[in-house]
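Residues per chain are reported as follows:
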Amino acid sequence: GNQWTGPYNVGVWGLYLQKQIVDSTGIPTCIINGGRRGSTIEINLRNESNQTDLSSIYGKLLYRVNKSGLAGNIKAIFWYQGESNGDASYMNYESNFRTLYNSWKENYPEFKKIFFFQVRQGCNGNLSGGLLREVQRQLIYKYPEIEMISTMGIQSHGIDHCHYGFYGYLELAVNVYK
């Protein structure tokens, strides 16, 4: 099988980022992937009546983090989402991100950095995509923990002009590591 894919894997860029860290520093890392392709920010919000709701994206991730015993040791959050908010829902993106951020602060109180991937142009085909990217760009002025990661210059993208091929994800990991 391919070492970079599979149902229990963190994905190409996550694995390659971990490899770069351990190869250069000798420090082992743990990345727990809670992402779901094609999701809106609204779908990623926490269920306030059941924080570890296994039918929700947030709840599944929080459950896994809690079971691992790592909730108090989360140092960074990687947030790569937005393709599905390129329609009029971009107008609520900032407010929804604030809600998500506050949930993270409560559940992962030790995180120091959010690596925020600004979605690439052409990723959603909606006219509001540029407006969403501007909302995302402005978040760095409201949240000092955010380090914005551009996804625009990565060349190896798939036929949908949104997601990447294998080498695109490797390039993304190299950019994050820098």
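Relevant structure appears above.
Residues numbered from 1 in each chain as written. Predicted model: local features only at pLDDT ≥ 70, side-chain atom pairs only at ≥ 80, totals over all residues. Heavy atoms only, no water.

Trainee: With reference to specific residues and values, describe the overall build of the protein chain.
Mentor: When its secondary structure is counted, the protein chain shows five helices and three strands. The helix and strand sequence of the protein chain, counted from the amino end, reads α-α-β-α-β-α-β-α. Relative to its full complement of 178 residues, the protein chain shows a buried share of 42%. Counted over contacts in the protein chain with a minimum sequence separation of 6, partners at least 24 positions apart contribute 66%. Only carbon and sulfur atoms are counted for the fraction: they give 53% of the accessible area of the protein chain, which is about 9,700 Å². (Helix = DSSP H or I, 4+ residues; strand = E, 2+ residues; numbered from the N terminus. Buried < 20%, exposed > 50% of the residue type's maximum accessible area, 1.4 Å probe, protein only. Contact = heavy atoms within 4.5 Å. Areas by Shrake-Rupley, 256 points an atom, 1.4 Å probe, with all protein chains shown as cover.)

Trainee: Run through the packing of helix α1 (residues 12–25) against helix α5 (residues 166–177), naming residues and quoting values.
Mentor: At a minimum axis separation of 8 Å, α1 and α5 run at an interaxial angle of 45°. Judged by the angle between their axes, α1 and α5 are oblique. Judged by the twist between their axes, the crossing of α1 over α5 is right-handed. Contacts between α1 and α5 pair Val12, Trp13, Tyr16, Leu17, Gln20, Ile21 and Ser24 from the former with Phe166, Tyr169, Leu170, Leu172, Ala173, Val174, Val176 and Tyr177 from the latter. For the contact of α1 with α5, a count of residues per class yields 13 nonpolar, two polar and no charged. (Axes fitted to C-alpha atoms, helices over the stretch in contact; angles between N-to-C directions. Parallel < 35°, antiparallel > 145°, perpendicular 65-115°, else oblique. Left-handed = near helix turned anticlockwise from the far one by under 90°. Nonpolar A, V, L, I, M, F, W, Y, C, P; charged D, E, K, R; others polar.)

Trainee: Provide a residue-level description of the nonpolar core, including the pertinent values.
Mentor: Counting 25 residues, the largest nonpolar core has Trp79, Phe97, Trp104, Tyr108 and Ile114 as its most contacted members. Looking at this core, the elements that each hand over two or more residues are α2 (57–68), β1 (76–80), α3 (93–107), β2 (113–118) and α4 (129–138). Here the element with the most residues in this core is α3; it accounts for five residues. Residue contacts for tryptophan 104: discarding those within four places in its chain leaves Tyr58, Ile77, Trp79, Phe97, Pro109, Phe111 and Ile114. Membership of the second largest hydrophobic core comes to 15 residues, among which are Leu17, Phe115, Phe117 and Leu170. (Core = buried A, V, L, I, M, F, W, Y, C linked by side-chain atoms within 4.5 Å.)

Trainee: Report on the packing of aromatic side chains, specifying residues and quantitative values.
Mentor: Overall, the coordinates contain eleven aromatic pairs when judged by the stated rule. Their ring planes at 15° and their centres at 5.1 Å tell us that phenylalanine 78 and phenylalanine 115 sit as a pair that is stacked. Taken together, the positions of phenylalanine 78 in strand β1 and phenylalanine 115 in strand β2 put the pair 37 residues apart, joining distant regions of the chain. Look at phenylalanine 97 and tryptophan 104: their rings are 5.8 Å apart centre to centre, the planes differ by 85°, and that puts the pair in the edge-to-face class. Among the residues examined, phenylalanine 97 registers a relative accessible area of 0% and is labelled buried. (Phe/Tyr/Trp six-rings, centres within 6.5 Å; stacked < 30°, edge-to-face > 60°.)

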